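Residues per chain, in single letters:
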Amino acid sequence: MDAGGPRLPDTVLFEIFLYLDHADVLSVGLVCQQWRAVARDEFLWKELFYRYYRVSRDVPRHPGAVSWYDEFQRLYDTIPCVEVQALKEHNDQVLHLSFSHSGSLFASCSKDCTVKIWSNELDISLQHSSNMRPYNWSYTQFSQFNSDDSLLLVSGVFVGPHNSSSGEIAVISMENFTLLSRVRNKPYDVFGCWLNETNLISGNLHRIGRITSCSVLWLNNAFQGIESENVNVVKRLFKIQNLNASTIRTVMVADCSRYDSPDLLLDYEEQLAASSTCPVFDLGSDSEEEEAKPKPPPEPAVQELSDAGGVPAEQGLQQLFDDIMEGRVRPAMTETELETKVAELFVRNRTKPPESNLLPADSNSKTKYLIFTTGCLTYSPHQIGIKRILPHQMTTAGPVLGEERRSDEFFDSLDHVIDIHGHIIGMGLSPDHRYLYVNSRAWPRDCIISDPMQPPPIAEEIDLHVFDLKTMKEVKRALRAHRAYTPNEECFFIFLDVSRDFVASGAEDRHGYIWDRHYNICLAKLQHDNVVNSVAFSPVEQELLLTASDDTTIKVWRSPRAVRVRQARRPRPRKLLFSWLMNQKS
């Protein structure tokens, strides 16, 4: 059809649009005059967008978009879904990836017991590799750069006496790749994290009974070998009781001072209020096509904890023992139930009350949140614990055991608990630290846990929940697409990552996944030959994504737009004749 030919009705043109590929749709405006007119029609592009991407019509257009055509192009052209490089220097499963804050470097951890540092240039290249086997490590599992990218925290599994295993954290200098310090970390899946430029958080675990324990979180100075003779290099942060075989794992730190200037806002009313004063981005709502009517997000089981009242611990324990001896406890308690009951009564008046008013009062607050997985019903992590870290706690100065404790404040309480009702297998913060994304595998509805050592079966579908850390509420219906197959006792962590506009995750179905945070839709599946354990966006270029897999490779993915730009920048190869003449002269 040419510009002077017969004109098709716009409805026919629109139906043709729906059957075109992305690239055809985006270039169709160049075909003829009539197509160019359609390409400028916002109504048609809006209809095309909602129908092509199957987005709920209650979701408004991204506030940062100029037009519906631009939005259609953004979702096609800026998703890092084109494989441009495969890195094969590891010789075993690759478990984790982390970028430096500048985006110029990234680190990878692997079952081959090395941590490798890569240079992110035009083509990614290996810069350094550290083998941790000489330190009795079994493998490396996690890494994180400190805020100025001068130090790298590396977490791994340490093999101790009699082949017992726990964790250990190593700190490596980025200036000359020397090992500065090592810190024990138990259990190993606490992983560890930076609190600030020079202090990191580790864990320890003390058994109290068969299913009762105490987790202690420690603040450690990164330069222990240099400074330990003169100043304290370690201080106890928190001491928390664990019930029913649960433990604290997967610690991370959120900076509250960044909440009032988020990159994106998920709540529509908040977004509309903010849009009158400053440009913001909004995250939309449910995108499932089969949902005829939008449903409000389910109320999460989030609670702010308060001091337990009632009978004092001593009286409660005495009463329990009297009831047992006189046969008044019906039905008879098992050993496990008895241990849990005694632990609950003991801790009731031996715990420091939670901090009042958890939410920061102003945006200039220096308060940070310590976030971790925990539980209260079984050993599998099914709750998110949140504990506020006050400014005076952010240094190792002072007594090693921290603040003076009265006898009735032996344990620290949690300030907030979020119950996921499923096995948590991954967590990640948005770049502005406002939102917490959580991978979980759900338990059956209305399940009852009678034995903490036998958690309920878990779903193969992975739910990706989103929580607002400013309001402590779940703000979006869980994202779905990715799957996992291992049972409870073999379940492992699948790392996710969040950029300004996208969220990505690994999965056990041999794919990485990318969703749009605004429209809540899955945009891409990234193929591997085995389980995808970790994903990482470049912090300065969200059109660059890395995926790490059990197939021993790290794949580099860029957006179609970035690929075109990079190809244009590459120098053109010399003509064959010119090359032949130069070779003859030499």
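- As annotated in an unreviewed UniProt entry, the chain carries the name FBXW5 protein and comes from Atrichornis clamosus.

Points about the UniProt feature "repeat: WD" (unreviewed entry) in the chain
- The UniProt record marks residues 87–119 and 525–557 with the feature "repeat: WD" (unreviewed entry), using the residue numbering of this structure.
- Regarding residues 87–119, the helix share stands at 0% and the strand share at 58%, and the terminal C-alpha atoms are separated by 12 Å.
- Within the segment residues 525–557, helix and strand shares are 0% and 70% respectively, and the terminal C-alpha atoms sit 11 Å apart.

Brief notes about the packing of aromatic side chains
- Counted under the stated rule, the structure contains 20 aromatic pairs.
- Three or more aromatic residues link up through ring pairs in this structure, and these residues are Trp45, Phe49, Tyr50, Tyr52, Tyr53, Trp68, Tyr69, Phe72 and Tyr519.
- Note that lysine 111 overlies the ring of tyrosine 139, its terminal NZ or CZ placed 5.0 Å from the centroid.
- One cation-aromatic arrangement involves arginine 184 over phenylalanine 158; the distance from NZ or CZ to the ring centre is 3.9 Å.

Section: the pattern of salt bridges
- Per the counting criterion, the structure on display carries 18 salt bridges.
- Put simply, aspartate 516 and arginine 74 hold a salt bridge, and the shortest N to O gap is 3.1 Å. Taken together, the residues aspartate 516 in strand E27 (residues 511–516) and arginine 74 in helix H5 (residues 68–77) connect sequence positions 442 residues apart.
- Residue classification places arginine 74 among the buried residues on the basis of a relative accessible area of 14%.
- Between arginine 564 and aspartate 77 there is a salt bridge whose closest N-O contact spans 2.6 Å. On the criterion of sequence distance, the pair formed by arginine 564 in helix H10 (residues 560–569) and aspartate 77 in helix H5 is long-range, its members being 487 residues apart.
- For arginine 564, a relative accessible area of 45% corresponds to the partly exposed category.
- Among the charged side chains, a salt-bridge network with shared partners connects Glu71, Arg74 and Asp516.

Parameters and conventions
Residues numbered from 1 in each chain as written. Predicted model: local features only at pLDDT ≥ 70, side-chain atom pairs only at ≥ 80, totals over all residues. Heavy atoms only, no water. UniProt positions renumbered as here; feature names shortened; annotations may be inferred. Helix = DSSP H or I, 4+ residues; strand = E, 2+ residues; numbered from the N terminus. Phe/Tyr/Trp six-rings, centres within 6.5 Å; stacked < 30°, edge-to-face > 60°. Lys NZ or Arg CZ within 6 Å of the ring centre and 35° of its normal. Salt bridge = Lys/Arg side-chain N within 4 Å of Asp/Glu carboxyl O. Buried < 20%, exposed > 50% of the residue type's maximum accessible area, 1.4 Å probe, protein only.

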